[in-house]
Amino acid sequence: MTVSYLLNGIRFEWDSRKASTNLRKHGINFETACEVFFERIMRINDLKKRLRKDRPTTTISLKLPDDVLDDLQRIAPLRGCSDYHALIRAYISQSLRADLERFEGNAEVSVRIESLRRHGVDKTIIATAMAEVR
């Protein structure tokens, strides 16, 4: 028997035997697997947007201790950065990608968080709950 599931206008079809095997083996039901697939597509699209050179930017002000700034200026050329601003952006980007993978890479958690958001749960409540389980 073929199982069919419609998610955001995309129809997913899967053999029911494979679906039950996947549930037993991985603990993820067919609907969640479809949501994970769709979420990965969305993440790829987000990554494509992030790689665009012409995306909008915002200037921010950041206070750093003088010795940290000195270290950044010293390390920037060693890391292949044109200046300490580029190094700061690289550090932020690197840490942000790691955190995105850590928190959003767990597909089941991401799906549940997104479901909570859709049901109107405040983002601060979600953040507090996530901090408690870390």
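Residues numbered from 1 in each chain as written. Predicted model: local features only at pLDDT ≥ 70, side-chain atom pairs only at ≥ 80, totals over all residues. Heavy atoms only, no water.

### Brief notes about the overall build of the chain
Next up, step 1: For the chain, the helix and strand inventory stands at six helices and two strands.
Next up, step 2: Starting at the N terminus, the α and β elements of the chain follow one another as β-β-α-α-α-α-α-α.
Next up, step 3: For the chain, the proportion of its 134 residues judged to be buried stands at 19%.
Next up, step 4: Restricting the contact set of the chain to residue pairs at least 6 apart, pairs at least 24 apart contribute 35%.
Next up, step 5: Counting every atom, the chain has about 10900 Å² of accessible surface; 55% of that belongs to carbon and sulfur. (Helix = DSSP H or I, 4+ residues; strand = E, 2+ residues; numbered from the N terminus. Buried < 20%, exposed > 50% of the residue type's maximum accessible area, 1.4 Å probe, protein only. Contact = heavy atoms within 4.5 Å. Areas by Shrake-Rupley, 256 points an atom, 1.4 Å probe, with all protein chains shown as cover.)

### A word on the environment of His85
Next up, step 1: Topologically, His85 is positioned in helix α4 (residues 84-104).
Next up, step 2: Residues His85 and Leu72 lie 13 residues apart in sequence; the distance between their C-alpha atoms is 8.6 Å.
Next up, step 3: Here the side chain of His85 touches Tyr84 through a polar contact of 3.4 Å, side chain to side chain. (Polar contact = N/O pair within 3.5 Å; in protein donor to acceptor, adjacent residues only side chain to side chain.)

### Re the nonpolar core
Next up, step 1: One finds Leu72, Ala76, Cys81, Ala86, Leu87 and Ile88 forming the largest nonpolar core, which totals six residues.
Next up, step 2: If one sorts the elements of this core by residue count, α4 sits on top with three residues.
Next up, step 3: Apart from the residues within four sequence positions on either side, Ile88 is in contact with Leu64 and Leu72. (Core = buried A, V, L, I, M, F, W, Y, C linked by side-chain atoms within 4.5 Å.)

### Let's talk about the pattern of salt bridges
Next up, step 1: Taken as a whole and assessed by the stated rule, the structure comprises one salt bridge.
Next up, step 2: Arg74 is paired through a salt bridge with Asp71; the nearest N and O atoms lie 3.1 Å apart. Here Arg74 and its partner Asp71 are both found in helix α3 (residues 66-75), three residues apart, which amounts to about one turn of the helix.
Next up, step 3: Residue class for Arg74 comes out exposed when judged on its relative accessible area of 52%.
Next up, step 4: Here Asp71 falls in the partly exposed class, since its relative accessible area comes to 35%. (Salt bridge = Lys/Arg side-chain N within 4 Å of Asp/Glu carboxyl O.)

### Topic: a nonpolar patch on the surface
Next up, step 1: On the surface, a cluster of nonpolar side chains totalling about 360 Å² of accessible area is made up of Ile60, Leu62, Leu64 and Val68.
Next up, step 2: Tracing the backbone through its elements, the reader meets Leu62 in the loop between α2 (30-51) and α3. (Patch = residues over 30% accessible without salt bridge, like charges linked within 9 Å, V, L, I, M, F, W, Y side chains within 5 Å.)

### Here we look at the confidence of the model for the chain
Next up, step 1: When pLDDT is averaged along the chain, the result is 79; 74% of the residues meet or exceed 70.
Next up, step 2: Mean pLDDT values over the elements of the chain span from 63, in strand β1 (residues 2-7), up to 96, in α3. (pLDDT = per-residue confidence, 0-100.)

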